[in-house]
Amino acid sequence: QVQLVESGGGLVQPGGSLRLSCAASGIIFSIYYMHWYRQAPGNGREWVASIGPGGNTAYGDSVKGRFTASRDNAKNTVYLQMNSLKPEDTAFYYCNTVLSAENYWGQGTQVTVSS
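Read on for a plain summary of the structure. Counting restarts for each chain, with residues numbered from 1 along the sequence as it is written. Only residues with pLDDT of at least 70 get local features here, since the model is predicted, and only at 80 or more are side-chain atom pairs given and counted; chain-wide, interface and lining totals rely on the full set of residues. The side-chain values count all of the structure's non-hydrogen atoms but skip hydrogen atoms and water molecules.

Here strand 4 (residues 34-39) pairs with strand 5 (residues 46-51) via 5 bridges, running antiparallel. The residue of strand 5 that forms the bridge with His35 is Ser50. What sits between strand 4 and strand 5 in their antiparallel hairpin is a turn of 6 residues, with Gly42 showing a positive phi close to 80 degrees. Pairing between strands is defined by DSSP: at least two bridges between the two strands are required. Numbered from the N terminus, helices here are DSSP runs of H or I no shorter than four residues, and strands are runs of E no shorter than two. Pairing analysis gives 5 bridges linking strand 4 to strand 9 (residues 91-99), with the strands arranged antiparallel. Bridge pairing links His35 to Asn96 in strand 9.

Turning our eyes to something else, we now look at the pairing of strand 9. Burial classification: accessible surface area is computed with a 1.4 Å probe over protein chains only, and a residue below 20% of its type maximum counts as buried, one above 50% as exposed, and the rest as partly exposed. Across the 9 residues that make up strand 9, a large majority, 7, are buried. Both strand 9 and strand 11 (residues 109-113) contribute to a ladder of 3 bridges, which runs antiparallel. Bridged to Tyr93 within strand 11 is Thr109. Hairpin connection between strand 9 and strand 10 (residues 102-105): a loop of 2 residues separates the two successive antiparallel strands, and Ser100 in this loop has a positive phi of roughly 50 degrees.

Mapped onto the elements, Asn73 comes out in the loop between strand 7 (67-72) and strand 8 (77-82). With 18 residues separating them along the chain, Asn73 and Gly55 place their C-alpha atoms 9.8 Å apart. The residues touching Asn73, leaving out its near neighbours within four places in the chain, are Phe29, Ser30 and Pro53. Separated by 2.8 Å, the side chains of Asn73 and Arg71 make a polar contact. Any pair of residues with heavy atoms lying within 4.5 Å of one another is described as a contacting pair. N or O atoms within 3.5 Å of each other form a polar contact, as long as, within protein, one can give a hydrogen and the other can take it, and as long as residues adjacent in sequence are counted only when both atoms are side-chain atoms.

Before going further, it helps to examine the state of the cysteines. Two cysteine sulfur atoms form a disulfide, by the criterion used here, when they sit within 2.5 Å. Per the stated rule, a full pass over the model turns up 1 disulfide. Cys22 shares a disulfide with Cys95; S-S distance 1.9 Å. On the S-S bond that ties Cys22 to Cys95, the torsion sits near 45 degrees, and the link is right-handed. Within this pair, whereas Cys22 is found in strand 3 (residues 18-25), its partner Cys95 is found in strand 9, the two being separated by 73 residues in sequence. The exposure class of Cys22 is buried, given its relative accessible area of 0%.

Salt-bridge detection follows one rule: a side-chain nitrogen of Lys or Arg within 4 Å of a carboxyl oxygen of Asp or Glu. Inspection of every chain in the model, using the stated rule, returns 4 salt bridges. One salt bridge connects Asp61 with Lys64, and the closest N-O pair in it is separated by 3.2 Å. Judged by relative accessible area, Asp61 falls into the exposed class, the value being 67%. Lys64 sits in the partly exposed class, given a relative accessible area of 49%. As a salt-bridge pair, Asp89 and Arg66 come within 2.7 Å of each other at their nearest N and O atoms.

And the structure:
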C-alpha cells in the first residue's frame, strides 16, 4: 500500500523560507519520479516541481530559481526547499507519484505566506 505523508508547512512572512518533506512507503522509492503540486483556494492543482530517480529536477515557471527539490533515497523522502516566498505561494502542497498509471497523493500540508 502506497503512502505519502507531507510535513513542514506553516506560516511564514514574505521573503522567508520553508522546507517541506514527503515520506513515502509501500514503493521502491529510489526508482520513481516524485512530484510536488500545490492548490490555492479557488484554483486548480498546479504542478510545482519534479525530481527523478537520479536527482534530475524540473520546475514550474512560477517557482523556478526559488524552489529546490531534492531526495534522500535512503530515507524514502523527497524535499522541497522554498526560498523567497511570496504571498502567491500560499496553497496546500501535495507530493505525488505515479505507479502503473495510477496517481498517489499525500494528504497535503498548508503553506501560508503572509505578514
